[in-house]
Amino acid sequence: MNKGKSDLGTRAIVAIALIGLAAVALWAGGLGFWLVIAAVALLMMAEWAGLSGASPREKRLAQYALVVPLAIMAPGLAAGPGFLALGLVIGAAFFIAAVTRKGQLAVGVVYSGLPVLALLALREHPSHGLLYTFWAMALVWVCDTGAYFAGRAIGGPRLAPLISPNKTWAGLIGGVACAGVFAAVLVVAFGLPVVLALATPVLAMLAQLGDLFESHLKRCAGVKDSGNLLPGHGGILDRLDGLVAVAPFAALLVLMAA
């Protein structure tokens, strides 16, 4: 029991620190936001390489390839988040596939780079960049939190026992419901477009699917966590798997709504 309380305390402290860093970067926007999420993408690429069985040399090569589109995304210094950056992300993935002959490693370039492009595109929105990016990021946090506490409190049938034994249907429903309430609050308090609020429950389910996908990768690799960078949480991928799935679709929805 004491160990469980200690683990929960560690998780809470690390979570608060991560949310604080994300909040400062999000508020700063521009190069500050780009610098933080680009660095996170390179760490994600390293963890993905580990899960895919890449050698240290192949891991570094994938990171170097990812650096090129990330640099192009820099707002104000380069082309910024746009079709050129998207093309370079895809090109970097093809390059890694051709050089290493490892398709899974190449997919990791897209997996790590595309969310950065999406979040930067949201943040650079001319009128509501801060609100839209906060909505996309925070709905994942709210969903994860709601799913955790609903699953612990209610329990019940497992969602995907062969992939992630701890996830329950109650947790999924609780997380989606919390995300929907959160979006409704943003509509009333900050004027989030209703169409984005209506799409929030669907994005919350995508976040849970992203979590299950990363759990599947870890199970295939025979590891519990994607890394050990974050005490009590595991690796960067363990914490951002839901956002990876949500960010591109959130950016696409904002683009279509505009």
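A short tour of the structure in this document, coming up. In this convention, every chain numbers its residues from 1, walking through the sequence in written order. It should be noted that, the model being predicted, local features are given only for residues of pLDDT at least 70 and side-chain atom pairs only at 80 or more, the latter also being counted only at that level, while totals for whole chains, interfaces and linings use all residues. Calculation of side-chain values draws on the structure's entire complement of heavy atoms; hydrogens and water are dropped beforehand.

1. Here we look at the overall build of the chain
Piece 1. Across its full length, the chain carries 9 helices and 2 strands.
Piece 2. To qualify as a helix, a DSSP run of H or I must reach at least 4 residues; to qualify as a strand, a run of E must reach at least 2; elements of each kind are numbered from the N terminus. In sequence order, the secondary structure elements of the chain are arranged as α-α-α-α-α-α-β-β-α-α-α.
Piece 3. A compact globule built from 258 residues should have a C-alpha radius of gyration of about 18 Å, and the chain, at 18 Å, falls within 12% of that.
Piece 4. Dimensions of the chain, computed from the C-alpha atoms along their principal axes, are close to 50 × 45 × 30 Å.
Piece 5. Any two residues whose heavy atoms approach within 4.5 Å at even a single point are treated as in contact. Long-range contacts, defined here as pairs at least 24 residues apart, represent 69% of the contacts in the chain between residues at least 6 apart.
Piece 6. Accessible surface, the chain as shown: approximately 12,700 Å² in total, 72% of it carbon and sulfur.
Piece 7. Averaged over its 16 positive side-chain charges, the chain has a centre that lies 4 Å from the centre of its 10 negative ones. We take the radius of gyration over the C-alpha atoms and set the globule estimate at 2.2 Å times the residue count to the 0.38 power. Computed with a 1.4 Å probe, the accessible areas rest on the Shrake-Rupley method; for each residue, only the protein chains presented here act as cover. Charge assignment: positive for Lys and Arg, negative for Asp and Glu; neither His nor the chain ends contribute. In this description, the location of a charge corresponds to atom NZ of lysine, CZ of arginine, CG of aspartate or CD of glutamate.

2. Section: the packing of aromatic side chains
Piece 1. Aromatic rings from Phe, Tyr and Trp, taking only the six-membered ring of Trp, are treated as a pair when their centres fall within 6.5 Å; an angle between ring planes under 30 degrees marks them as stacked, one over 60 as edge-to-face, and anything in between as tilted. One pass over the structure, following the stated rule, counts 5 aromatic pairs.
Piece 2. Measuring from centroid to centroid gives 4.6 Å for Trp-48 and Tyr-111, while their planes differ by 40°, and the two rings are tilted. Here the residue Trp-48 occupies a position in helix H2 (residues 30–51), and Tyr-111 occupies one in helix H5 (residues 103–123), the gap between them amounting to 63 residues. Like Tyr-111, Trp-48 is buried.
Piece 3. Here the aromatic rings of Tyr-148 and Phe-149 are separated by 5.1 Å at their centres, their planes lie at 85°, and the arrangement is edge-to-face.
Piece 4. In textbook terms, an aromatic cluster arises when at least three aromatic residues are bridged by ring pairs, as seen for Trp-48, Tyr-111 and Phe-213. Categorising residues by exposure relies on relative accessible area from a 1.4 Å probe, with only protein chains included: less than 20% of the type maximum marks a residue as buried, more than 50% marks it as exposed, and the intermediate range marks it as partly exposed.

3. Digging into helix H4 (residues 83–100)
Piece 1. With 18 residues, H4 extends 26 Å from end C-alpha to end C-alpha; this agrees with the ideal 26 Å at 1.5 Å per step.
Piece 2. The elements touched by buried residues of H4 are helix H3 (56–72) and H5.
Piece 3. Positive backbone phi, approximately 60°, marks Arg-101, located one or two places after H4. Expected span of a helix, by definition, is 1.5 Å for each gap between consecutive residues, and there is one gap fewer than residues.

4. Concerning the pattern of salt bridges
Piece 1. For salt bridges, the criterion is a side-chain nitrogen of Lys or Arg within 4 Å of an Asp or Glu carboxyl oxygen. Here the structure, examined in full by the defined rule, presents 5 salt bridges.
Piece 2. Here Asp-238 and Lys-218 are joined by a salt bridge, their closest N and O atoms 2.9 Å apart. On the criterion of sequence distance, the pair formed by Asp-238 in helix H9 (residues 236–257) and Lys-218 in helix H8 (residues 194–221) is long-range, its members being 20 residues apart.
Piece 3. Lys-224 is paired through a salt bridge with Asp-225; the nearest N and O atoms lie 3.9 Å apart.
Piece 4. Through salt bridges with shared partners, a single ionic network connects Glu-214, Lys-218 and Asp-238.

5. A few points about the state of the cysteines
Piece 1. When two cysteine sulfur atoms lie within 2.5 Å, the pair is treated as a disulfide. The full count for this structure, using the stated rule, is 0 disulfides.
Piece 2. In this structure Cys-143 is a free cysteine whose sulfur lies 8.1 Å from that of Cys-178, the closest cysteine sulfur available.
Piece 3. Looking at Cys-143, the relative accessible area reads 0%, which means it is buried.

6. Re the packing of H5 against helix H6 (residues 129–154)
Piece 1. Fitting a line to C-alpha atoms yields each axis, with helices limited to the stretch in contact; the angle taken between N-to-C directions then spans 0 to 180 degrees. Closest axis-to-axis distance for the H5/H6 pair is 7 Å, and the angle between their directions is 145°. For the pair H5 and H6, contact is made by Leu-119, Leu-122 and Arg-123 and by Gly-129, Leu-130, Tyr-132, Thr-133, Ala-136 and Met-137, respectively.

7. Comments concerning the environment of Thr-200
Piece 1. Tracing the sequence through the fold places Thr-200 in helix H8.
Piece 2. We classify Thr-200 as buried; its relative accessible area is 0%.
Piece 3. Taking the C-alpha atoms as reference, Thr-200 lies 7.4 Å from Leu-139; in sequence the two are 61 residues apart.
Piece 4. Excluding residues within four positions of it along the chain, Thr-200 makes contact with Trp-135, Leu-139, Ala-179, Gly-180 and Ala-183.

8. Some words on the environment of Val-244
Piece 1. Looking at the secondary structure, you find Val-244 in helix H9.
Piece 2. A sequence separation of 107 residues divides Val-244 from Met-137, and the C-alpha atoms of the two residues are 9.8 Å apart.
Piece 3. When neighbours within four sequence positions are excluded, Val-244 is seen to be in contact with Met-44, Tyr-111 and Pro-115.

9. Examining the nonpolar core
The tendency in soluble globular proteins is for nonpolar side chains to be buried as a group.
Piece 1. In this description, a nonpolar core means a group of buried Ala, Val, Leu, Ile, Met, Phe, Trp, Tyr and Cys residues linked to one another through side-chain atoms lying within 4.5 Å. By size, the foremost hydrophobic cluster in this structure holds 64 residues, and its most contacted members are Phe-33, Met-73, Ile-96, Leu-119, Leu-122, Trp-135 and Leu-192.
Piece 2. Not counting the four nearest positions on each side in its chain, Leu-119 is found in contact with Phe-33, Ile-37, Thr-133, Met-137, Leu-243 and Ala-247.
Piece 3. Among the nonpolar cores identified, the runner-up in size contains 8 residues, and Leu-159, Ala-160, Val-176 and Ala-204 belong to it.

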